[in-house]
Amino acid sequence: MNVTEKEQMVLQGARRSQYGDAYEEKEYPWTFDVIDHSGLEAKIARGVISSLQAKGLIVVLDPDTRDSAIEMTDEGRKVCDEYNITRR
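An account of the accompanying structure is given in this report. In this text the structure is predicted, and so the values were computed from the model without any measurement.

## Examining helix α2 (residues 31–38)
Those residues of α2 not exposed but buried are Thr-31, Asp-33, Val-34, Ile-35 and Ser-38. Of the surrounding elements, those touching the buried residues of α2 are α1 (5–16), α3 (42–54), β1 (58–61) and β2 (69–72). Just downstream of α2, Gly-39 is the residue with a positive phi angle, here 85°.

Structure (structure tokens):
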């Protein structure tokens, strides 16, 4: 699967969140923290999150709340492995 540089940045943010590593099962970092750790402007990161969700790499839990969180799918984990996206 082709993953853009910005999508990789958001996946990296999902791995580096201080509230959990989305790669791990049952760890759901808050969306705001994933955005903070992505290094992208919030508006751009939200669009990238939508793209990742459309590709089936992540699921946004409680998307219409301030407490939305990111869950990584099995396909998202495969992409992280393929692109060497780690917690570090």
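## Structural notes on the pattern of salt bridges
Tallied over the entire structure, the rule returns three salt bridges. Salt-bridge contacts for Glu-7 lead to Lys-55; the nearest nitrogen and oxygen are separated by 2.8 Å. In this pair, Glu-7 is assigned in helix α1 and Lys-55 in the loop between α3 and β1, connecting sequence segments 48 residues apart. The exposure class of Lys-55 is partly exposed, given its relative accessible area of 30%.

## Notes on the layout of surface pockets
One number sums up the size of the largest pocket: a volume of about 210 Å³. Thr-31, Phe-32, Ile-35, Arg-46, Ile-49, Ser-50, Gln-53, Val-60, Pro-63, Arg-66 and Ser-68 together form the lining of the largest pocket. Looking at the lining of the largest pocket, the elements with two or more residues in it are α2 and α3. Counting residues per element, the lining of the largest pocket draws most heavily on α3, which supplies four residues. Taken together, the residues of the lining of the largest pocket sort by class into five nonpolar, four polar and two charged.

What counts, and where the lines are drawn
- Residues numbered from 1 in each chain as written.
- Predicted model: local features only at pLDDT ≥ 70, side-chain atom pairs only at ≥ 80, totals over all residues.
- Heavy atoms only, no water.
- Buried < 20%, exposed > 50% of the residue type's maximum accessible area, 1.4 Å probe, protein only.
- Helix = DSSP H or I, 4+ residues; strand = E, 2+ residues; numbered from the N terminus.
- Contact = heavy atoms within 4.5 Å.
- Salt bridge = Lys/Arg side-chain N within 4 Å of Asp/Glu carboxyl O.
- 1 Å grid on protein atoms, 1.4 Å probe; cavity = no way out; pocket = protein on both sides within 12 Å on 5 of 7 lines; lining within 4 Å.
- Points joined across faces, edges and corners; volume = space filled by probe spheres on them.
- Nonpolar A, V, L, I, M, F, W, Y, C, P; charged D, E, K, R; others polar.

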